[in-house]
Amino acid sequence: MKVQQLTDVTCFHCGDPCVDDHRVHQGKDFCCQGCAVVYDLLNEAGLCDYYILEKQPGVKQRASIDEQRTELFDLEEVRERLVEFSEQGITRVRFNVPQMHCSSCIWLLENLHRIDKGILRSRVSFADKQLAVTFREEALSLAALVKLLRRIGYGPQLTNASAVDDRSGVPRMLYVRLGVAGFVFGNTMMLSFPEYLGADNEAGLKMGFQWLIVLFSFPVVFFLSTDFFRSAWAGIRSRTVNIDQPIALGIVALWTRSLWDVIMGVGPGYFDSLAGLLFFLLVGRWYQAHTYRALRFDRALEDFLPLVVIRKREEVEEPVKVNVLVPGDRIIVRDQELVPVDAILREGTAHIDNSFITGEPLAVRKNVGDTIKAGGRQRGAVIELEVVRAFGESRLKKLWAEQAAVGERPAMPRMIDNVARRFTVAVLLISLGAGLYWWGKDPAQVWPVVTAVLIVACPCALALSMPFAYGHTIRLMGKRGLFLRDAEVVERMAHADTVVFDKTGTLTAREAHEVEWKGERLSDHNASLVRSMARSSVHPLSAVVHHHLKQELRRTSDVHDMAGQGVMGLVDDHVVRLGSAVFCASQERPRVSGEAHVYVNIDGQPLGHFIVRKRARSGIAAAMAQLRNTQRTALLTGDAQVDDGLRALFAGADMRAACSPADKTRYIKEQQELGHRVVMVGDGLNDAGALGQSDVGITVTETSAALTPASDAILDAEAIASLPHFLLMARRARRIVVASLCISLCYNITGVSLAVAGHMTPLIAAILMPLSSVSVVGFVTLAVWWGAMRDRSSSVPGAIAVR
């Protein structure tokens with residue numbers, strides 16, 4: 001590596017000019033030793049695709065007060081703020097990383113495991129500028145992880161909470177700037193009255209006021225405008241175009257022209273317009289920040305998340321929604337079920353699979369008195385837990401959101417960015433053309449016209465329309481029983497043309513219409529063994545058997561739920577199997593339409609089977625009639641045959657019986673290869689593969705087992721009859737987005753035309769800029785609300801709103 005003379009080239013890593021410390025390394029230019037070291041680090045890890053995604057995407061290493069104080073991260077109070085989970089040497093932390101700014105940052109930060117083998121996985125929440133990292137502390141300490149992030153230019157920030165107002169989500173400095181802008185704008189207007197009133201006989205007063213106004217303009221440019229200048233400069237550094245560049249250019253043009261007029265005595269300039277411009281621009285920024293805060297539905301939607309858990313009070317077990325749990329409640333968690341809240345183990349031996357949290361599938365043994373974090377999945381017998389934190393304080397929903405496909409980012413933000421980028425280029429070209437035109441016609445109008453064009457043409461409304469429409473739709477769906485992972489799911493639902501249903505636990509109700517035992521007499525002792533094993537399973541048929549039998553419960557252990565086969569385990573040292581005939585080594589018995597069989601085997605001896613006659617959920621018939629008008633439908637079931645009742649409901653649809661979980665996944669893939677967009681509706685037990693393969697996987701829930709990485713949405717079992725309505729809402733949301741984009745386009749065409757013609761001042765342009773966002777958001781809100789009100793007057797029979 002060698003040091004060369006000063007050049008005008010830019011750094012290959014960060015894009016800064018290579019000035020005093022210009023270095024050439026491996027044929028590439030770097031501005032400092034730090035950038036060259038980061039390049040070597042990424043090159044050794046095979047991560048140079050980082051530079052392909054964006055030009056010069058890197059963040060330059062900056063010295064900070066805390067740079068050498070990594071011992072801070074060994075303090076318990078600091079660890080408590082950062083560490084979300086720490087067990088068996090595996091730790092999960094969440095950092096605030098304000099330096100991330102583009103897709104390259106996301107890609108690099110989600111590939112940290114390729115830089116250091118001690119890192120298991122990392123996930124980015126770009127909207128919050130947060131990074132969650134799971135790592136092995138025996139191989140990489142927390143302080144060493146922070147050092148690594150600092151080396152690659154993404155040093156975490158410890159002090160973050162105080163910068164944002166907790167209630168509104170708006171940065172507090174924005175409120176300060178708004179206050180200063182209002183003060184300066186008001187005083188500038190007041191000092192401009194002599195000019196407005198034409199008081200030529202008070203020339204000295206006018207001149208004094210003009211220089212006072214010039215004095216007021218300095219905080220306008222050098223304090224109120226700094227965010228616009230920083231954003232514009234960041235875009236220039238990375239050789240990208242953003243919406244703040246024309247605004248920054250307009251501010252500089254207006255201020256320099258006004259300053260020149262006052263110095264040369266030509267006129268008073270446009271300082272009043274400049275002060276008003278910044279005031280209304282900051283009002284627009286406040287409104288946009290407040291609006292985006294409204295799109296963060298995590299806290300609000302936790303109240304609607306339709307997860308159900310078994311709460312135990314004395315000897316009574318009752319299903320309740322997780323949002324009603326309070327510290328001190330006792331809950332029952334069965335095999336394959338998620339622990340929905342932070343809790344303490346009070347009864348049984350737990351084997352907790354924390355892969356939902358850490359990505360590591362190895363089960364960890366927990367004994368009575370141990371703490372179990374929300375997101376762990378029980379593998380084995382029933383356990384009893386005591387709640388220590390309410391569901392609203394857990395991170396279960398955030399964990400679920402992070403299970404989106406690794407490396408895939410929603411196409412929606414990229415599309416918006418591309419639209420805004422091209423729009424900004426067009427605005428810059430139009431302003432240049434308008435300036436040249438007015439230079440030849442009336443030079444005094446050049447700067448007002450150019451500034452008005454740069455300010456009035458704003459793609460903010462374009463950027464707000466899509467997330468706001470889908471955000472409102474998510475909220476309404478959540479209130480009615482369908483909880484979506486993110487706004488991208490709405491877009492995929494709108495494009496769906498095929499709906500595929502699982503049968504058991506999805507279309508059929510959990511409560512049985514009738515249960516009958518066939519086989520040798522089932523003694524109370526054996527019935528007790530069967531009931532205890534059925535209680536340990538989350539399968540709907542197991543739940544039916546458990547509620548049908550009334551014998552005492554016994555202690556279970558070594559429980560294993562086999563997808564598509566059955567459940568087995570030890571009950572008081574007896575090996576008990578429940579499930580299919582093959583799984584229980586029984587002879588398959590003929591069944592009539594509408595029946596399901598649950599076979600029983602105790603200590604290797606087949607005893608017989610339960611005949612369970614199920615009924616379809618309320619409103620399914622009406623829902624299927626509506627779906628047939630707009631969608632292709634299909635039914636997949638693991639039963640040997642399709643019931644006559646369901647066969648009538650799915651008349652003309654594709655129906656397949658005796659499907660294994662692999663068969664269901666294969667069917668979904670075949671439909672996608674034919675060009676169909678598929679929505680899969682299942683219970684999340686035997687159809688996780690199909691849910692993951694589908695374009696939209698919807699899990700129908702009556703238990704906490706429904707929250708699986710494979711599902712894009714969770715549907716309350718009582719609201720399944722509303723599925724046609726949910727699909728209609730998604731299609732309507734997309735139409736609203738298209739309409740709002742048309743409104744934004746009409747506004748921009750009209751505004752730019754008036755500005756180019758010289759009929760709009762920069763101040764009016766600044767007022768119209770936030771009004772355009774208000775109009776689009778108002779239209780989207782009213783359109784979604786009106787559609788919801790119209791739907792309420794003609795709601796689907798049997799649909800139930802979840803409150």
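Here, the structure is the one placed above.
Read on for an overview of the structure. (Residues numbered from 1 in each chain as written. Predicted model: local features only at pLDDT ≥ 70, side-chain atom pairs only at ≥ 80, totals over all residues. Heavy atoms only, no water.)

This next bit is on the overall build of the protein. The secondary structure content of the protein amounts to 26 helices and 29 strands. Across the 803 residues that make up the protein, the buried fraction comes to 54%. Sequence-distant contacts, at least 24 apart, represent 65% of the contacts inside the protein between residues at least 6 apart. Split by element, the accessible area of the protein, about 35,100 Å² in all, is 56% carbon and sulfur. (Helix = DSSP H or I, 4+ residues; strand = E, 2+ residues; numbered from the N terminus. Buried < 20%, exposed > 50% of the residue type's maximum accessible area, 1.4 Å probe, protein only. Contact = heavy atoms within 4.5 Å. Areas by Shrake-Rupley, 256 points an atom, 1.4 Å probe, with all protein chains shown as cover.)

A few words now on the packing of aromatic side chains. All chains considered together, the criterion is met by 8 aromatic pairs. Residues F183 and F216 carry aromatic rings whose centres are separated by 6.1 Å and whose planes lie at 70 degrees to one another, so their mutual orientation is edge-to-face. Of this pair, F183 sits in helix α6 (residues 172-191) while F216 sits in helix α8 (residues 203-224), and the two are 33 residues apart along the sequence. Taking the centre distance of 5.8 Å and the plane angle of 75 degrees together, the rings of F501 and F650 count as edge-to-face. Taken as a pair, F501 in strand β18 (residues 498-502) and F650 in the loop between α22 (644-649) and β26 (654-656) lie far apart in primary sequence, 149 residues in all. (Phe/Tyr/Trp six-rings, centres within 6.5 Å; stacked < 30°, edge-to-face > 60°.)

With antiparallel pairing, 3 strands are arranged side by side in an open sheet as β13-β12-β15. Edge positions in the sheet fall to β13 (363-366) and β15 (377-378), since each of these pairs with one other strand and no more. Looking at chain direction, strand β12 (residues 350-353) and β15 are connected through 2 bridges and run antiparallel. The residue bridging D353 from the neighbouring strand is R377, located in β15. (Pairing = 2+ DSSP bridges.)

Now for a nonpolar patch on the surface. Nonpolar side chains collect at one region of the surface, where M207, W211, W260, I263, M264 and V266 lie side by side and expose about 670 Å² of accessible area between them. Broken down by secondary-structure element, the contributors of at least two residues to the nonpolar patch are α8 and α10 (244-264). Residue contributions to the nonpolar patch peak at 3 residues, all from α10. Counting through the fold element by element, W211 comes out in helix α8. Given a relative accessible area of 41%, W211 falls into the partly exposed group. (Patch = residues over 30% accessible without salt bridge, like charges linked within 9 Å, V, L, I, M, F, W, Y side chains within 5 Å. Salt bridge = Lys/Arg side-chain N within 4 Å of Asp/Glu carboxyl O.)

Below, the discussion takes up helix α21 (residues 620-630). Along α21, the positions that sit buried rather than exposed are I620, A623, M624 and L627. Angularly, the buried residues of α21 cover 95 degrees about the axis, an arc narrow enough to put them on a single face. Turning to α21, the residues buried within the fold contact β18, β25 (632-636), α22 and α25 (723-756). (Arc of directions from axis to C-beta.)

Looking at the element boundaries, T637 is found in the loop between β25 and α22. Among the residues examined, T637 registers a relative accessible area of 1% and is labelled buried. Along the chain, T637 and T504 lie 133 residues apart, while their C-alpha atoms are 7.3 Å from each other. Contacts of T637, omitting those with residues within four sequence positions, involve K503, V642, R656, A657, A658 and C659.

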